[in-house]
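Each chain is listed here by its residues.
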Amino acid sequence: MDLVKRLEEYRDRERELTWEGTFAQYFEIATKQPSIAQLSHERIYNMIMAAGTDASRSGDPRYKFFSQEIFGLEKPLQQIAEYFHSAAQRLEVRKRILLLMGPVGGGKSTIVHLLKRGLEQYTRAQEGAIYAIRDCPMHEEPLHLIPVELRADVEREFDLYVEGDLCPHCRWMVEDKYGGKIEEIPVKRIAFSEKYRIGIGTFTPSDPKSQDVAELVGGIDLSTIGEVGVESDPRAYRFDGELNIANRGLMEFIEMLKCLPGSSLLFTQSGIRRLDSFAQSDHPAGESRSVEVQLASSTGVETTAHLYHAGVQPTKRVTTRRGYVSEGTFEHRIQVVNNEGVQVWRRHDELQVGDWVVMQKGQNLWGQDVEIQWQPKRPILASRIKTPERMTPGLARWLGYMTGEGDTRPDGTIRFSNVEEELRADYCQLTQELFGVQPRCYQKVVQLNNVALLDLLDYLGFKTGAYNKEIPWSVLQSSRECVLEFLSGYFAGDGTVNLGGRLSWPLPRSGWRNKCKLSCSILVW
Ligand SMILES: [Zn+2]
């Protein structure tokens, strides 16, 4: 290799990249090479196509731009290329965000990485050259300087399509600094660079409470506001958000979505419900459907937009020393307190033993007491018991007793064991009031035999056996009062838990295993 020659070539290229001139000169260049004024989707599409294509064995096109580093993803890559193709033709689809969703290690970040690095190189090459108004914080297309009235003529005569208006900063500059003489406005060639924050932005969501929208769109600049006097002056505004700097290029949003197992419990307007209870049974993996649920989140009650079914994915379960459980995919984030005592979001797979996990308590979103619409499997037997019309605090407490220390047998035997006479008496009285059935009392055990009541218990969501214990759906979806009554019945036996009227979630006892279905769903909000 001839180093001196290579260095000379390099310097020549760098010189080209440092081109600076006036708008009049830029317009000359643009008329000769209209591609320098192409919009971002078109630039990316042309970049992908410039690397060439060949046909895969199945006859589908394979894009060499990706195929050096990504294997076996022909179909998704084709969809991505098609998206850029349609968007390059300025079809509606260009207004949408391209969402890459898939398992960890599935190539999503490699695709984005290739696009970013590709753009950095492409904008340094002649065919991908791009210019901007010199002092514009958003690296604006200089053709924006052309007044709207002249644009149609420019497009017809020079094949230069102009879209968009001057940013406030440039409008101020044109009027106040150059007296409206747009031909003199300085223009320079730029090259996209993630490092120097030109044309490529990256956004990682952090704590939604402390996150400032300024990180995306910029904000008031307190250091200049004293000089310019008023907030409305464009010089008092910093156009340095990630969306500003990504203008004309590419913006990556990392981990925008929340992914939880279907068994996760959510506080909703229809009570505490499993995440998968919002999915329709025919919801296929890899698709999203719109779901509107009022949901308690860390910033108050919010409405969900979509439920995405991500199929079977590996999950990681975290148990705190007090027995609270959080389960999610590896990239699912929860809040922890870092070494400086600041709350930060951390991925599940980055959590370490000893980390402090932030938990939200006092979420106050509850359902109405559910109506009991029991269709007896054996209607003749059903007439032998009274059926409550809806969930009541008494029924919830009775279910709490049963979940804590009750068990059933298929022959209709329903038993409750407790050493305290007072509790056994309360259980007996509730059984009588709720169902019109009088149980038999033995030493420390209360027992009855009723197949109809067994069926009703099943309908209400009661599960027998120490390993099946879960809070019945009929309680979860009811009012706060009923959930508390259930818990007071459940905890009555050991007498050590003082709820103080406050309910924390997830499960209060590590012995309550939430059956993991290994299905993963995503709620976007
Ligand atoms: Zn501008």
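Everything here concerns the structure above.
Below is a summary of the structure that appears in this document.

What counts as what
- Residues numbered from 1 in each chain as written.
- Predicted model: local features only at pLDDT ≥ 70, side-chain atom pairs only at ≥ 80, totals over all residues.
- Heavy atoms only, no water.
- Patch = residues over 30% accessible without salt bridge, like charges linked within 9 Å, V, L, I, M, F, W, Y side chains within 5 Å.
- Areas by Shrake-Rupley, 256 points an atom, 1.4 Å probe, with all protein chains shown as cover.
- Salt bridge = Lys/Arg side-chain N within 4 Å of Asp/Glu carboxyl O.
- Helix = DSSP H or I, 4+ residues; strand = E, 2+ residues; numbered from the N terminus.
- Buried < 20%, exposed > 50% of the residue type's maximum accessible area, 1.4 Å probe, protein only.
- Axes fitted to C-alpha atoms, helices over the stretch in contact; angles between N-to-C directions.
- Parallel < 35°, antiparallel > 145°, perpendicular 65-115°, else oblique.
- Left-handed = near helix turned anticlockwise from the far one by under 90°.
- Contact = heavy atoms within 4.5 Å.
- Nonpolar A, V, L, I, M, F, W, Y, C, P; charged D, E, K, R; others polar.
- Polar contact = N/O pair within 3.5 Å; in protein donor to acceptor, adjacent residues only side chain to side chain.
- Core = buried A, V, L, I, M, F, W, Y, C linked by side-chain atoms within 4.5 Å.
- Donors = N, O, S within 2.8 Å, 3.2 Å for Na, K, Ca; no water.
- Tetrahedral: all angles 85-135°; square planar, octahedral: opposite > 155°, others 65-115°.
- Phe/Tyr/Trp six-rings, centres within 6.5 Å; stacked < 30°, edge-to-face > 60°.

**Focus: a nonpolar patch on the surface**
Okay, so step 1: Together, Met1, Leu3 and Leu7 make up an exposed nonpolar region whose accessible area comes to about 350 Å².
Okay, so step 2: Residue placement: methionine 1 occurs in the segment before helix H1 (3-17).

**Describing unusual backbone geometry**
Okay, so step 1: Look at aspartate 159: it is not a glycine, yet its phi comes out positive at around 60 degrees.
Okay, so step 2: Mapped onto the fold, aspartate 159 is located in the loop between helix H7 (148-158) and helix H8 (168-177).
Okay, so step 3: Residue classification places aspartate 159 among the exposed residues on the basis of a relative accessible area of 58%.

**Thoughts on the packing of helix H13 (residues 393-405) against helix H14 (residues 421-435)**
Okay, so step 1: Running from amino to carboxyl end, H13 crosses H14 at an angle of 130 degrees, the nearest separation of the two axes being 10 Å. Taken together, H13 and H14 sit at an angle that is classed as oblique. As H13 packs across H14, the resulting crossing turns out to be left-handed. Contacts between H13 and H14 involve Gly394, Leu395, Arg397, Trp398, Tyr401 and Met402 from the former and Leu423, Asp426, Tyr427, Leu430, Thr431, Leu434 and Phe435 from the latter.
Okay, so step 2: Its residues placed into classes, the contact of H13 with H14 shows nine nonpolar, two polar and two charged.

**Points about the side chain of asparagine 244**
Okay, so step 1: Here asparagine 244 lies in helix H11 (residues 242-245).
Okay, so step 2: Residue classification places asparagine 244 among the buried positions, given a relative accessible area of 7%.
Okay, so step 3: Among the polar contacts listed, one links the side chain of asparagine 244 to the backbone nitrogen of glycine 241, at a separation of 2.9 Å.

**Some details on the nonpolar core**
Okay, so step 1: Within the largest apolar cluster, 41 residues are counted, with the highest numbers of intra-cluster contacts made by Leu395, Trp398, Leu399 and Phe435.
Okay, so step 2: Contact partners of phenylalanine 435, with chain neighbours within four places excluded, come to Ile385, Lys386, Pro388, Leu395, Trp398, Leu430, Leu453 and Leu456.

**Quick look at the coordination of the zinc ion**
Angles at a metal have ideal values that depend on geometry: 109.5 degrees with four tetrahedral donors, 90 or 180 degrees with six octahedral donors.
Okay, so step 1: In this structure, Cys136 (SG), Glu140 (OE), Cys167 (SG) and Cys170 (SG) serve as the protein donors to the zinc ion, at separations of 1.9 to 2.3 Å.
Okay, so step 2: Coordination geometry of the zinc ion: the four donor atoms subtend angles of 105 to 114 degrees at the metal centre, consistent with an arrangement described as tetrahedral.
Okay, so step 3: Donor residues for the zinc ion, ordered by position in the chain, follow C-x3-E-x26-C-x2-C. Like cysteine 170, cysteine 167 is buried.

**Focus on the packing of aromatic side chains**
Okay, so step 1: In the structure shown here, the tally under the stated rule is 16 aromatic pairs.
Okay, so step 2: The interplanar angle of 50 degrees and the centroid separation of 5.0 Å between the aromatic rings of tyrosine 237 and phenylalanine 239 together place this pair among those described as tilted.
Okay, so step 3: Given the relative accessible area of 12%, phenylalanine 239 is considered buried.
Okay, so step 4: Taken together, a centroid distance of 6.4 Å and an interplanar angle of 70 degrees make the contact between tyrosine 401 and tyrosine 427 edge-to-face. Within this pair, whereas tyrosine 401 is found in helix H13, its partner tyrosine 427 is found in helix H14, the two being separated by 26 residues in sequence. An identical accessibility class is assigned to tyrosine 401 and tyrosine 427; each is buried.
Okay, so step 5: Aromatic rings pair up to connect Trp19, Phe23, Tyr26, Phe27, Tyr131 and Phe158 into one cluster.

Note that every value here comes from positions in space, so none of it alone points to a role or purpose.
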